[in-house]
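# Understanding the architecture of this molecule
Here are the chains, one letter per residue:
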Amino acid sequence: MPDHTRIYKQEAAQYDELISKQPELKEVIEEIQPLSGLDIVDMGAGTGRLTMVLAPEAKTIIALDASEAMLQITAERLVDACLTNWTTKVADHRKLPLDDQSADLIVSGWSMGYLANTDEPEWEQNLDMIISEIQRVLRPNGTVIIFETLGTGHETPSAPDFLKAYYAKLVDVYGFSHRWIRTDYEFDHIQQAERLTRFFFGEELADRVVEQHLVRLPECAGIWWLSPD
Ligand SMILES: C[S@@+](CC[C@H](N)C(=O)[O-])C[C@H]1O[C@@H](n2cnc3c(N)ncnc32)[C@H](O)[C@@H]1O
């Protein structure tokens with residue numbers, strides 16, 4: 001599997017090219033939480049997949065990420081869209097540089113799992129720290145929405161083993177609701193499908209993309225949310 005930490009530091013643009021092939025997620029977020037006029041935080045914002053669809057509706061939005069290079073792309077996209085209600089900041093999920101009760105909505109896409117997967121010896125402590133930071137920063141009526149993978153190359157949910165305990169804890173311990181959606185990649189042609197799959201998901205899946213001519217690469221994502229209703 002490619003080294004994602006290195007990718008987020010050195011190949012942010014190619015990551016952004018990859019996710020530009022997936023569906024936009026504004027509607028699924030709005031079904032959980034109407035967006036207008038909210039103070040929003042995007043944890044692990046990356047190149048701005050969620051920030052870019054939320055910013056036009058938000059009162060303010062703060063994009064946080066461990067990688068400056070990823071946030072630089074988010075900032076460029078926000079400037080290009082002539083938006084001014086935003087801030088970006090390098091931060092770790094376990095220590096948010098934000099005031100208590102300062103956000104109405106916190107979103108996080110495909111990011112917390114890097115700290116909360118069971119290959120990390122401290123995964124459970126990491127998850128507790130992340131959730132406690134979210135609880136500190138959210139206003140009493142606030143909502144948190146988390147997206148994570150349920151399998152790239154899968155047409156129905158197939159959680160990776162190293163993420164199963166994290167997902168179970170969100171529901172069983174923290175009381176999150178849960179559903180899943182398809183987030184398939186619609187590549188322009190097979191060469192692009194192979195290149196971008198190899199870049200981020202590695203040899204095995206890229207070889208399958210070529211063998212099965214997967215210009216449309218299936219993917220499932222889980223959505224976990226906790227809201228006052
Ligand atoms: C798969 S990308 C997701 C980016 C974006 N949310 C999206 O949906 O495309 C994971 C992001 O999480 C960030 N990340 C990983 N570990 C982190 C941590 N401990 N604290 C904050 N951000 C982290 C990475 O730098 C990367 O930008």
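Residues numbered from 1 in each chain as written. Predicted model: local features only at pLDDT ≥ 70, side-chain atom pairs only at ≥ 80, totals over all residues.

### Digging into the sheet that holds strand 3 (residues 86-90)
Applicable threshold: In this analysis, strands are considered paired if DSSP registers two or more bridges between them. Helix and strand definitions follow DSSP, with helices as H or I runs of at least four residues and strands as E runs of at least two, each counted in order from the N terminus. Fitted lines through C-alpha atoms serve as axes, helices being fitted only where they are in contact, and the angles separating the N-to-C directions of these axes extend from 0 to 180 degrees. In this description, any two residues whose backbone-derived C-beta atoms lie within 7 Å of each other are considered to be in contact.
If you walk across this open sheet you meet the seven strands as 3-2-1-4-5-9-6, and the pairing is mixed. Each edge of the sheet is formed by a strand with only one pairing partner; in this case those strands are strand 3 and strand 6 (177-182). Here the strands of the sheet are splayed against their neighbours by 20° on average, with no regard to which way each runs. Inspection of the sheet shows strand 5 (residues 138-152) paired to strand 9 (residues 219-226) by seven bridges, in the antiparallel sense. The partner of isoleucine 145 across the bridge, within strand 9, is tryptophan 225. Packed onto the sheet, helix 5 (residues 68-80) meets strand 2 (60-65) and strand 3 and runs at close to 170° relative to strand 3.

### Looking at the environment of isoleucine 32
By the secondary structure assignment, isoleucine 32 is in helix 3 (residues 26-32). When the C-alpha atoms of isoleucine 32 and leucine 226 are compared, they prove to be 9.3 Å apart, with 194 residues separating the residues in sequence. What isoleucine 32 contacts, discounting residues up to four positions off in sequence, is Thr143, Ile145, Trp225 and Ser227.

### What about the packing of helix 2 (residues 12-19) against helix 5?
For clarity, the cut-off: Each angle is binned into one of four classes, with values under 35 degrees roughly parallel, values over 145 roughly antiparallel, values of 65 to 115 roughly perpendicular, and all other values oblique. Each crossing gets its handedness from the near helix: less than a right angle anticlockwise from the far helix is left-handed, clockwise is right-handed.
Viewed as axis vectors pointing N to C, helix 2 and helix 5 meet at an angle of 55°, and their least axial separation amounts to 9 Å. As summarised for this structure, helix 2 and helix 5 are arranged oblique, according to the angle between their axes. Viewed along their axes, helix 2 and helix 5 form a crossing whose handedness is right-handed. Of the residues in helix 5, those touching helix 2 at Ala12, Ala13 and Asp16 are Ala69, Met70 and Ile73.

### Brief notes about the site of the ligand
Applied cut-off: We call a residue near a molecule or strand when the C-beta position, derived from backbone atoms, sits within 6 Å of it.
Close to the ligand lie 18 residues, the nearest being Gly44, Gly46, Ser67, Gly109 and Ser111. Only helix 4 (49-54) and helix 6 (113-116) provide two or more residues apiece to the shell around the ligand.

### Observations concerning the nonpolar core
What counts, and what does not: Linking buried Ala, Val, Leu, Ile, Met, Phe, Trp, Tyr and Cys residues through C-beta atoms within 7 Å yields a set, and such a set is a nonpolar core. Exposure criterion: with C-beta atoms placed from backbone coordinates, a residue whose C-beta has 20 or more other C-beta atoms within 10 Å is buried, one with 12 or fewer is exposed, and one in between is partly exposed.
With 67 residues, the main nonpolar core has Ile40, Val41 and Ile106 as its most contacted residues. Filtering out sequence-adjacent residues up to four positions away, isoleucine 106 remains in contact with Val41, Met43, Ile134, Val137, Leu138, Gly142 and Val144.

### Considering the pairing of strand 9
Of all eight residues in strand 9, seven are buried; the element is thus mostly enclosed. Where strand 6 lies against strand 9, six bridges are found, and the strand directions are antiparallel. Pairing of isoleucine 181 across the sheet is with alanine 221, part of strand 9.

### Observations concerning the environment of phenylalanine 199
Looking at the element boundaries, phenylalanine 199 is found in helix 9 (residues 190-201). Residues phenylalanine 199 and threonine 87 lie 112 residues apart in sequence; the distance between their C-alpha atoms is 29 Å. Residues contacting phenylalanine 199, with those up to four places away along its chain left out, are Pro2, Gln14 and Leu18.

### Section: the environment of tyrosine 185
Inspection of the secondary structure puts tyrosine 185 in strand 7 (residues 185-186). The spacing of tyrosine 185 and isoleucine 19 is 166 residues in sequence and 7.6 Å in space, taken between C-alpha atoms. Non-local contacts of tyrosine 185, meaning those with residues more than four positions away in its chain, are made with Lys21, Gln22, Leu217 and Glu219.

What is shown is where atoms sit, not what they do.
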